[in-house]
Amino acid sequence: MSAVAVPRRRRSRRRTAGRVGWNALALLVFAVMVFPVYWMISTSFKTGQNILRDTPQWFPSPATLANYRDAMDRPYFWDNVKNSLIIVCAVVTVSIVLAFLAALALAKFNFYGRGAFIVLIIGVQMVPLNALIIPLYISLSRADQLNKLSGVIVTYLTFVLPFTVWTLRGFVMGVPRELEEAAMVDGSTRFGAFMRILLPLVAPGLVATSIFAFIQAWNEFLIAYVFLNDQEKQTLTVWLASFTTSRGTDWGPLMAGATLTALPVVVFFVLVHRKIAYGLTAGAVRG
Amino acid sequence: MSSGPGGETGFPALTAAAAEAAVARRRRRVSRQGVTRGLAPYALIAPSVVVIGAVLGYPLYLLGRLSFQQFGLAELILQQGPWIGLDNYTRLVHDRQFWEVVLRTFVFTFVNVGLTMVLGTLIALLLTKLGTAMRLVLTTGLILVWATPVVVAVNIFRWMVDFEFGVLNWTLTELHLGDFLNKDWFADPLTGFAVITALVVWGAIPFVTITLYAGFSQVPDELVEAASIDGANAWRVFRDVTFPLVKPIFVILISLSIIWDFQVFNQIWLIRDGEPEEDYWLMSVYSFVEAFRLGEYGFGAAIAVVMVGIMFVATFVYIRQMIRIGETR
């Protein structure tokens, strides 16, 4: 008995010691990874004096909202918030509608060219946007769409649409065909089964995909930076560059502005990242 | 289209799911109709195909055509450029700077992908050693980093390495690692690229870690235990048991990382305030400067074509792996 118990206890003690070590290491990794985000938020609440100190201040005390007021009072802030929202909403609406149709085709039908379409959808997501910006710029300048939100909206479809098709396909595949068939056996039309069975079940997937599309469009910088010349036409990511002038950078207001820009994205991302992974896994392991 | 390291909010989640499925080695059986249902599916994909053709297909074609043209500011106004055959490419081949930029881009990609994969793997292995609570803490931190927009991250790093009041110089000096007071990290491209690499790798680690962890957690415990009982050390267990099982995930992650790190632009452009010195040019920056600063759209397009060609190799590996694990059935 004891001969067995002793090594076991020793082993578990060693395991506990190991656990403490791993936890300590995990805390260190956590601290290093999260520090930059913490530093942004903490700086955004500091007074100007405490930001420009030889010895950095770790906690903002006294805390102030002056940087946020400064950032929001800057010229074009609200214009640029509005532009970001207009562009993002238009891009998300168009892509979700188009992508949902394509996702239905991919998930519910077997047709000639299906495989090719899927490879196309995956492949085009790998084409670098930096490489396409020259021809896109020339096309838009020919179409007289430079410096217009509509031009940027169309351009954003290049990276939002393929990804949306691919994601939604996973969600549609996650809905068991049997449910629809059961509804049709019970006298529902194909359209009725779609409206009453498929759509409600895919709805969470539609929401999650929309939010992911929102994040991608919201974060985009290069196209907005090149295609929109007037400050009042620009988006929030471009607006952040306006804090740096020849006289230097206003770090406090910049960090406040960066926090404001990141906030909707972080909130949305935390809400849906599991959902997206789940939806696709559900689609992937079914069967 | 991927949005680059740190900004890869969309596609990775799918890859993570695909990767999990790969390890589970479960093949999805698509419920198929068996027969083609007439024109319905074509009508459904038609709008997407048209839009993708218009916003991606046509620009790609135009990019190729531009690279064979003399296309500058005058041609932009005339909307027409004379055909000059391979002149842009000939100029490229004889351009010393181009080869420097290509070499720099390769080294940059290699270092960034390497660091991302090594650190991502180590943190993923660390996650498997943790209890539920601690794992949740670390995962939450990683997701917070993952969610941070690239443009925001660049500004944070710019502030942290500020030569006068940056927290980095102060910390390094306090740690007695040398005198870092008023050190301008960007004066020397080597230390400048160290900062840019830190920024890129920091942003890319969460995706790699979380995807790999999803894969590791699918490896049956019995296999690992059996190997340990047989006397294999941790490294042998990883090399001979865990790694072969999650290899498809590694292939996907490495090819995606190569694709993303090869086209890094925003980080360099923004951290140098929109005027990166020549020592900081990667291929994407070089192409952009030629086109939009010097008005040499044709020459810039030729550089971009070379970029697309190089990336095609990584893309090919990626797509082949996706098909192999059955994600595209």
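Residues numbered from 1 in each chain as written. Chains lettered and ligands numbered in written order. Predicted model: local features only at pLDDT ≥ 70, side-chain atom pairs only at ≥ 80, totals over all residues.

A.B. asks: Describe the domain arrangement of chain A, naming the residues involved and giving the relevant values.
C.D. replies: Residue and element names in this part refer to chain A. Domain parsing of chain A yields domain 1 (2–66) and domain 2 (75–285). Using C-alpha coordinates to define each centre, domain 1 is positioned 35 Å away from domain 2. Each partner contributes to the interface: domain 1 provides seven residues, whereas domain 2 provides six residues. In terms of residues, the side of domain 1 that touches domain 2 owes the most to one element, helix H1 (residues 2–44), which gives four residues. Looking at side-chain class alone, the side of domain 1 that touches domain 2 contains three nonpolar, three polar and one charged residues. (Domains from an automatic or database assignment. Contact = placed C-beta atoms within 7 Å. Helix = DSSP H or I, 4+ residues; strand = E, 2+ residues; numbered from the N terminus. Nonpolar A, V, L, I, M, F, W, Y, C, P; charged D, E, K, R; others polar.)

A.B. asks: So, the interface of chain B and chain A: which residues are in play, and what are the values?
C.D. replies: Facing 93 residues of chain B, the contacting portion of chain A comprises 94 residues. The element best represented in the side of chain B that touches chain A is helix H2 (residues 40–66) of chain B, accounting for 16 residues. Of the residues belonging to the side of chain B that touches chain A, the class tally is 62 nonpolar, 23 polar and eight charged.

A.B. asks: Requested: an account of unusual backbone geometry, with residues and values cited.
C.D. replies: Residue and element names in this part refer to chain A. Each neighbour pair has its own omega, and for Ser61 with Pro62 the value is 0 degrees, a cis peptide bond. Relative to the elements of secondary structure, Pro62 occurs in the loop between helix H2 (48–51) and helix H3 (66–73). Residues other than glycine seldom take positive phi values, yet Tyr76 does so here, at roughly 75 degrees. With respect to the helices and strands, the residue Tyr76 is situated in the loop between H3 and helix H4 (77–108).

A.B. asks: So, the environment of Leu136 of chain A: which residues are in play, and what are the values?
C.D. replies: Within the secondary structure, Leu136 of chain A is located in helix H6 (residues 129–142). Linking Leu136 of chain A and Thr155 of chain A, residues 19 residues apart in sequence, is a C-alpha distance of 7.4 Å. Contacts of Leu136 of chain A, omitting those with residues within four sequence positions, involve Thr155 of chain A together with Pro59 of chain B.

A.B. asks: An account of the packing of H2 of chain B against helix H14 (residues 297–324) of chain B is requested, with residue identities and associated values reported.
C.D. replies: Residue and element names in this part refer to chain B. Where H2 meets H14, the closest approach of the two axes is 8 Å, and the angle between their N-to-C directions is 115 degrees. As judged from the angle between their axes, H2 and H14 are roughly perpendicular. At the point where H2 passes H14, the crossing takes the left-handed sense. When H2 is examined against H14, the residues Leu63, Gly64 and Leu66 are found in contact with a partner set consisting of Tyr297, Gly298, Ala301, Ala304 and Val305. Partitioned by chemical class, the residues of the contact of H2 with H14 number six nonpolar, two polar and no charged. (Axes fitted to C-alpha atoms, helices over the stretch in contact; angles between N-to-C directions. Parallel < 35°, antiparallel > 145°, perpendicular 65-115°, else oblique. Left-handed = near helix turned anticlockwise from the far one by under 90°.)

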